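Read off the chains here:
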Amino acid sequence: MRYFLLLLLTPFLAVAQKPVTLTSPDKRLVFTLRLTEKAPVYQVTLAGRPVLEYSELQLNFAEGGTFGANLAKPSPRFREVNETYDLVVGKTKTVQNHYREAVIPLVEKMAPNRQINLVVRAFDDGVAFRYEFPQQAGWAACTLTDERTTFRLAGDPLLHALFLPDFLTSHEGLYTHLPLSTVNPDTLMDMPALLEVTSGKQPTKTYVGITEAALVDYAGMYLSQRDGVLSSQLAPLPNQPRAGIKVKATLPHRSPWRVLLISDRVGALIESNMLTSLNEPNKLGDVSWLHAGKTTFPWWNGTIIPDTTFAPGNNFETNKYYIDFCADNHIEYHSVVESGLHEWYVNDGAGYMPGPNANPAKAVPGLDMQQVCDYAKSRGVGIRVWVHWKALYPQIDATFAQYEKWGLSGMMIDFMDRDDQEMVKIQEEMLQKAAAHHLHVQFHGAYKPTGLHRTYPNELTREGTLNYETNKWSGLDTPDHDITFPFTRMLAGATDMHLGGFRAVPDSKFKLQQTRPLMHGTRCHQLAMYVVFESYLAMVADYPDAYRNQPGFEFLQQVPTSWDETRVLNAEVGQYITLARRKGTDWYIGTITNSTARTLPIDLSFLPEGQYTTDLYTDSPDVAEQPNHLTKVSRTLSRTDTLSLPIAAGGGMVMRLQKRQ
């Protein structure tokens, strides 16, 4: 690791009550803070163009009231950091972490003379700031009732966001796209949200992604707008009204980072590693036991098996069938979930809700988990399980100990549906305790990621997404919906989409099926999702016979889920996207589009020198009637080539490039 640290006195230092100015390393982004009688205000410019106009910062506490008025600003402290670090799992293996930082003390001029430090970091691809509450006389603990961080975007930007009815949510819904000023006041908006800002004397478009990083021991943040200004809304602690207590803490304490991903190229927001850079390094130590990979998820397909001599269900034979499929097809994990609408573990509750005697450390009669794990190990396959968080958490230590004894690799923890401070702490505890037993975690019914997989790399993916599970009951997940995610939810990180459905049909023939669900879009669209979407535990969710001898399945066997490098080659919000991801010396390139057919150029000049043996999968000419048809060609390509590829409506393209030695 290289590490470079400078204490900077000039040129981005302003003392006394003059504005504080912080510039990014490339000097294109400028953050300015000044004090008013009412509150500190900040602005952000890119290449001299306004991105955020002066926006207020205030905090409300049960003790001492509002913090923001009549503040003094002692001399800030500045530094520059330029280092690299490695991620265990991620979209990039080695991250360049280069930023300039200002720590700005804000002190009340009158009693109780509280001090809060505003810590600001400027990167080339964005700005982040957080509130630090240092230990101080007369203020030992804080009860935060409101954080009023505002974002006054220049002009009237186009907003892309998920609207929510309440803080109790699985974060699954359709995105809304409209001018910010037209959003109904106080509408609750999820993050990340993307805004397209047009500003400057010669109007230029700037893309701004708003989210948060390092959400630890704090309430999750949402947005609402009034008079064209976005304001933070924090999830209240349980059993409280919207205006209730948000955070309770002893000092010292600190908020998550409020993150503004900013660029005049939308692909830069997707490539950015700001969120992991704003988190602490790996706290788990040796993680040689941890592996990214692909997994079955039989619940999605209805736990389909062929005609057999044994009864299907929660038993060894059913799981053996899926384990053998994994072992024969380079799929790292098999998920034990349920059968016949009953989970694999003992539960006397209704549906999947835990009853008073639910025990996620005890398998239902007829299922020998030790036998399942031992057989899977003999075939080189890891076993993971599904569990309801309310069944797990009250007996988490005994359950994780049993999982380690069986030899499980990890689990999906589901139905969390909150991100108040209490739930945020519970999720961190789950990650810590799971790691102590060499278990990875996949959170479902959960809030957005915040870059914490740098600190706890056993968090392999999260839901918080309206994904392909909905094809079983609503059919809302269409290619037009898919194309919103890279520009919104995926800005935060890993996104579980229940990938792998291999039964696409024309929209006119789509129908809801609880077993063997159908898919919108084309087969190539689905293959490309494995490259376009970031998830370190991608599902291969259909049943084995849906894949055998099917065109394109060999690509699913080959594609990695954790990457060394990520580049966005083409992108237009809500229209299309092409991503290139590298693993070792091999590259994988995927394109998806919305319901409009188009021809896109694929410029390969980013490739290193050399020749690449390439398998290229494209939509067949007849996909309007036969969406599972694809055309596969193999050829040799190099960085001097530019391809012009037709993409069908709801279609895609994917390729694997292997460097010749």
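Keep in mind that this is a model prediction, so the values were computed, not measured.

Trainee: Help me understand the side chain of S562 in this model?
Mentor: Along the polypeptide, S562 turns up in the loop between α12 (553–558) and β34 (565–572). On the basis of relative accessible area, S562 is assigned to the buried category, the value being 8%. Not counting residues up to four positions away in its chain, the partners in contact with S562 are V88, V89, G90, A292 and K583.

Trainee: Whenever I open this one, unusual backbone geometry confuses me. Can you help?
Mentor: A cis geometry characterises the amide bond from M191 onward to P192, with omega recorded as 5 degrees. Note on placement: P192 falls in the loop between β15 (188–189) and β16 (193–199). The omega torsion across L251 and P252 is 5 degrees, close enough to zero to call that bond cis. With respect to the element layout, P252 can be found in the loop between β20 (247–250) and β21 (253–254). In this structure, N70 is a non-glycine residue whose phi angle is positive, near 50 degrees. By the element assignment, N70 lies in the loop between β6 (65–67) and β7 (71–72). Residue N70 is classed as partly exposed on the basis of its relative accessible area, which comes to 39%.

Trainee: Which parts of the structure should I look at to understand the packing of aromatic side chains?
Mentor: Geometry of an aromatic ring pair is reported as the spacing of the ring centres plus the angle between the planes. Taken as a whole and assessed by the stated rule, the structure comprises 31 aromatic pairs. Here W386 and F415 contribute two aromatic rings whose centre-to-centre distance is 6.3 Å and whose plane-to-plane angle is 85 degrees, an arrangement assigned as edge-to-face. On the criterion of sequence distance, the pair formed by W386 in strand β29 (residues 382–388) and F415 in the loop between β30 (410–414) and α8 (421–436) is long-range, its members being 29 residues apart. Residue classification places W386 among the buried positions, given a relative accessible area of 4%. On the accessibility criterion, F415 (36% relative accessible area) is partly exposed. Of the aromatic side chains, those joined through ring pairs into one cluster are W344, Y345, Y352, W386, F400, Y403, W406 and F415. The ring of Y85 is capped by R454, whose NZ or CZ atom sits 3.6 Å from the centre of that ring. It is R523 that lies over the ring of F502; its NZ or CZ is 3.9 Å from the centre.

Trainee: What should I look at first to understand empty space enclosed by the protein in this one?
Mentor: In this approach the atoms are scanned with a rolling probe the size of a water molecule, which exposes any empty space left behind. With the rule as written, the count across this model stands at 9 cavities of 30 Å³ or more. The wall of the largest cavity is formed by 18 residues, among which K91, S272, L275, T276 and E534 lie closest to the centre. If you tally residues by element for the lining of the largest cavity, the top one is helix α2 (residues 274–277), at 3 residues. Of the residues that constitute the lining of the largest cavity, the class distribution is 9 nonpolar, 7 polar and 2 charged. One number sums up the size of the second largest cavity: a volume of about 80 Å³. Lining the second largest cavity we find 13 residues, and of these T303, T318, N319, V337 and E338 sit closest to its centre. Grouping the constituent residues of the lining of the second largest cavity by class yields 4 nonpolar, 8 polar and 1 charged.

Trainee: For this particular structure, what's the right way to read the nonpolar core?
Mentor: In a soluble, globular protein the nonpolar side chains are often hidden away together inside. The biggest cluster of nonpolar side chains holds 113 residues, and the ones touching the most others in it are W344, M369, Y403, M411 and I413. Among the elements that take part in this core, helix α10 (residues 523–532) stands out by supplying 7 residues, more than any other. Here I413 is in contact with V387, W389, L392, M430, V441, Q442, F443 and H444, once residues within four sequence places are set aside.

About the cut-offs
- Residues numbered from 1 in each chain as written.
- Predicted model: local features only at pLDDT ≥ 70, side-chain atom pairs only at ≥ 80, totals over all residues.
- Heavy atoms only, no water.
- Helix = DSSP H or I, 4+ residues; strand = E, 2+ residues; numbered from the N terminus.
- Buried < 20%, exposed > 50% of the residue type's maximum accessible area, 1.4 Å probe, protein only.
- Contact = heavy atoms within 4.5 Å.
- Phe/Tyr/Trp six-rings, centres within 6.5 Å; stacked < 30°, edge-to-face > 60°.
- Lys NZ or Arg CZ within 6 Å of the ring centre and 35° of its normal.
- 1 Å grid on protein atoms, 1.4 Å probe; cavity = no way out; pocket = protein on both sides within 12 Å on 5 of 7 lines; lining within 4 Å.
- Points joined across faces, edges and corners; volume = space filled by probe spheres on them.
- Nonpolar A, V, L, I, M, F, W, Y, C, P; charged D, E, K, R; others polar.
- Core = buried A, V, L, I, M, F, W, Y, C linked by side-chain atoms within 4.5 Å.

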